[in-house]
Amino acid sequence: MDYKIENEYLNDLMQKVMARNANEPEFHQAVYEFLNSIAPALPVHPELIEKQVLERIVEPERQIMFRVAWIDDNGRIQVNRGYRIQFNSAIGPYKGGIRLHPSVNLSILKFLGFEQIFKNSLTGLPMGGAKGGSDFDPKGKSDNEVMAFCQSFMRELYRHIGPDCDVPAGDIGTGAREIGFMFGQYKKIVNEFSGVLTGKKLSFGGSLARTEATGYGLCYFVNALLREKMDTSFEGKTVVISGSGNVAIYATEKAQQLGAKVVALSDSNGYVYDPEGIKLDIVKDIKEVKRGRISEYADRVPSAKYTADANGSKGIWTIPCDIALPCATQNELNLDSAKTLVANGVKVVGEGANMPTTLDATKFFQDNGVFFTPGKASNAGGVATSGLEMCQNSARLSWTFEEVDARLKGIMENIFHTVDATAKEVGCENNYVVGANIAGLLKVSDAMIAQGCI
Ligand code: NDP
């Protein structure tokens, strides 16, 4: 892809990033989205150029790659590749999830680590940006195999992380089971019980509401937008949500609690459409208890129809809705899907996944009066609640569900108002990509400058 930015200084930097990080298309896409949106900040903040903040911020502080060898149930040695990208620690210890998925590579983890810098900054909590993972696929593996992989992964990762240095969390393919195995291995190696990972089970330092946080947070963010911009709410709205993992399930739960009708969910093989509204207890049983496929929903619910979709479930975007919440994976919503959604009358697109919308689809939404919220703002509830888990671990306390949920809601509403106000201040009202990137950047930039040439 040939990325061009109007501003000459930003364009030169973009070309350098592409030359220096060849063959990393997702990373290029994330850097372009960022650099292409921050030009309005340059005249007001000359220090960004004078102190070469941008040249520094696009370069990870450290990137670690390692072999993960483990023994499968047949006694054979399997080899995966592990990664940790410690992108920026200017405002706090590195923080970001661990993705376990066969598609994982350096480019994807660098895009995720880069976005995490600004997302964590927006939460208002002291957390730097990082991401990690492996091309290991937990799907279809036994519990023993998942444990063998997680223990081997941690046998290398432990030396690079710590409660005041780098605190990983879950992401695609990494839930409470995987975090538990990794935590157990870390504790055994360093002989220390600490808050080194978040997303833990409640019995050993996890936080209530962490499981729900990203999906709930997304709905709190979108609801704040609906109230502020359209004088309405989720009540009575038709919602389509892609994915059926952690983020999608709890976005569905909160949207339903707020009065919306969620009519579709998906996975990488296809999607279900239930015009009577998704029955979430059945989805939870299929996905959380049985680790099954979303197609099973249509086997159990007569009003639902399953459509197999070899195209990574993009067909879900043909279903008419008022609000679309992409909650599966990067680049799952392209320009064609955006055109269909707009033709069908979508009013708000709120990203629950990281970078699920392609750049041309984002522009199409913005040009056609659809409120578009980038994941780094609207899915920040997960990492924000991870930050709250870190607070509880440090204080050796456990807050109630209501307390954590209330803080999460406050943080998400605050992010919405910050992003909205920042966009307005720089003359780009309602452009939440601009608002999120500039607001996230300025705090990190201030810390980087104060800390000297780092
Ligand atoms: P899960 O692993 O729980 O669920 C992922 C869902 O997305 C599954 O339904 C999966 O289907 C689907 N999916 C994954 N890859 C693809 C693909 N290539 N094409 C179509 N569907 C796909 O992950 P999460 O719900 O935790 O994460 C979802 C997104 O949200 C990711 O982008 C993640 O980075 C982001 N996010 C997650 C946070 C969290 O707290 N969990 C926090 C902030 C962002 P299948 O089972 O078929 O693979």
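Residues numbered from 1 in each chain as written. Predicted model: local features only at pLDDT ≥ 70, side-chain atom pairs only at ≥ 80, totals over all residues. Heavy atoms only, no water.

> How would you sum up the nonpolar core? Please name residues and give values.
With 53 residues, the main nonpolar core has F234, I241, Y297, L325 and I415 as its most contacted residues. The element best represented in this core is helix α8 (residues 210–230), accounting for 10 residues. Filtering out sequence-adjacent residues up to four positions away, I241 remains in contact with A248, A251, T252, V262, A264, L265, S266, I316, L325 and C327. Judged by nonpolar contacts, the second largest core, of 43 residues, contains L13, I57, I108 and L112. (Core = buried A, V, L, I, M, F, W, Y, C linked by side-chain atoms within 4.5 Å. Buried < 20%, exposed > 50% of the residue type's maximum accessible area, 1.4 Å probe, protein only. Helix = DSSP H or I, 4+ residues; strand = E, 2+ residues; numbered from the N terminus. Contact = heavy atoms within 4.5 Å.)

> Explain the sheet that holds strand β8 (residues 270–273) residue by residue, including any values.
The strand order across the open sheet formed by seven strands is β9-β8-β7-β6-β10-β11-β12, and the pairing between neighbours is mixed. Of all strands in the sheet, those bounded by a partner on one side alone are β9 (305–308) and β12 (371–373). Within this sheet the neighbouring strands show an average axis-to-axis angle of 15°, counted without direction. For strand β6 (residues 238–242) and strand β10 (residues 323–326), the ladder comprises four bridges, and the chain directions are parallel. Its bridge partner lying in β10, V240 is registered against A324. (Pairing = 2+ DSSP bridges. Axes fitted to C-alpha atoms, helices over the stretch in contact; angles between N-to-C directions.)

> For the site of the ligand, give the residues involved together with the corresponding values.
Near the ligand you find 26 residues, and of these K139, D171, T214, S268 and R293 are the closest. Between the ligand and K139 there is a distance of 2.7 Å, counted from an oxygen atom to a side-chain nitrogen or oxygen. Take N246: an N or O atom from its main chain is 2.9 Å from an oxygen atom of the ligand. For the ligand, whose unbound accessible area comes to 890 Å², protein coverage reaches 86%. Taken together, the elements giving at least two residues each to the shell around the ligand come down to α8, α9 (246–257) and β7 (261–267). Residues of the shell around the ligand, tallied by class, amount to five nonpolar, 14 polar and seven charged. (Near = heavy atom within 4 Å. Polar contact = N/O pair within 3.5 Å; in protein donor to acceptor, adjacent residues only side chain to side chain. Areas by Shrake-Rupley, 256 points an atom, 1.4 Å probe, with all protein chains shown as cover. Nonpolar A, V, L, I, M, F, W, Y, C, P; charged D, E, K, R; others polar.)

> I'd like to hear about the layout of surface pockets, residue by residue, with values.
By volume, the second largest pocket amounts to about 580 Å³. N36, L359, T362, K363 and Q366 are, among the 27 residues lining the second largest pocket, the residues nearest its centre. Those elements that provide at least two residues to the lining of the second largest pocket are α2 (25–35), α13 (359–367), α14 (375–378) and α17 (432–450). When residues in the lining of the second largest pocket are grouped by element, the largest group, six residues, is from α13. Looking at the lining of the second largest pocket residue by residue, the class counts come to 11 nonpolar, nine polar and seven charged. (1 Å grid on protein atoms, 1.4 Å probe; cavity = no way out; pocket = protein on both sides within 12 Å on 5 of 7 lines; lining within 4 Å. Points joined across faces, edges and corners; volume = space filled by probe spheres on them.)

> Outline the pairing of β7, supporting the account with residue identities and numerical values.
In terms of residue burial, β7 counts as a mostly covered element, since six of its seven residues are buried. Where β6 meets β7, three bridges bridge the pair, whose relative direction is parallel. Paired with V240 across the strands is A264, a residue of β7. Remark: the β6/α9/β7 crossover connection has right-handed handedness. Examined bridge by bridge, β7 and β8 share four bridges and lie antiparallel to one another. The residue of β8 that forms the bridge with A264 is Y273. The turn linking β7 back onto β8 is made up of two residues. (Right-handed = clockwise from strand over helix to strand, strands pointing away.)

> Can you explain the packing of aromatic side chains? Please cite residues and give values.
Taken as a whole and judged by the stated rule, the model has 18 aromatic pairs. Ring geometry for F34 and F114: centres 5.3 Å apart, planes at 90°, overall edge-to-face. Remark: F114 occurs in helix α5 (residues 106–122) and F34 occurs in helix α2; sequence separation between them is 80 residues. We note that F34, like F114, is buried. Measuring from centroid to centroid gives 5.8 Å for F416 and Y432, while their planes differ by 55°, and the two rings are tilted. One end of the pair, F416, is in helix α16 (residues 401–425); the other, Y432, is in helix α17, with 16 residues separating them in the sequence. (Phe/Tyr/Trp six-rings, centres within 6.5 Å; stacked < 30°, edge-to-face > 60°.)

> So what's going on with the sheet that holds strand β2 (residues 77–88)? Residues and values would help.
Taken in spatial order, the five strands make up an open sheet running β1-β2-β4-β3-β5, and their pairing is mixed. This sheet does not close on itself; its edge strands, each paired only once, are β1 (62–71) and β5 (166–169). For this sheet the average axis-to-axis angle between neighbouring strands, irrespective of direction, equals 20°. As defined by bridge partners, β1 adjoins β2 across 10 bridges and the pair is classed as antiparallel. The residue bridging I64 from the neighbouring strand is R84, located in β2. Those strands touched by α5 are β1, β2, β3 (94–100) and β4 (128–134), and its axis lies near 155° from that of β4.

> With reference to specific residues and values, describe the pairing of β3.
Successive residues of a regular strand alternate their side chains across the two faces of the sheet. Within β3, seven of the seven residues are buried, which leaves the element mostly enclosed by the surrounding structure. Of the crossover connections in this fold, the one passing from β3 over α5 to the parallel β4 is right-handed. Looking at chain direction, β3 and β5 are connected through four bridges and run parallel. Within β5, the residue paired with G97 across the bridge is A169.

> Describe helix α12 (residues 335–343), and please don't skip the residues or the numbers.
Those residues of α12 that sit buried are S337, A338 and L341. Each buried residue of α12 lies within a common arc of 100° when the element is viewed along its axis, so the set occupies one face. Counted as exposed and oriented over 90 degrees from the buried face of α12: D336 and A343. Where α12 is buried, its residues touch β10 and α13. (Arc of directions from axis to C-beta.)

> So what about the environment of G259? Which residues, and what values?
Relative to the assigned elements, G259 resides in the loop between α9 and β7. Judged by relative accessible area, which is 25%, G259 ranks as partly exposed. Between the C-alpha atom of G259 and that of V104, which follows or precedes it by 155 residues, the distance is 37 Å. Non-local contacts of G259, meaning those with residues more than four positions away in its chain, are made with F234, E235, G236 and K237.

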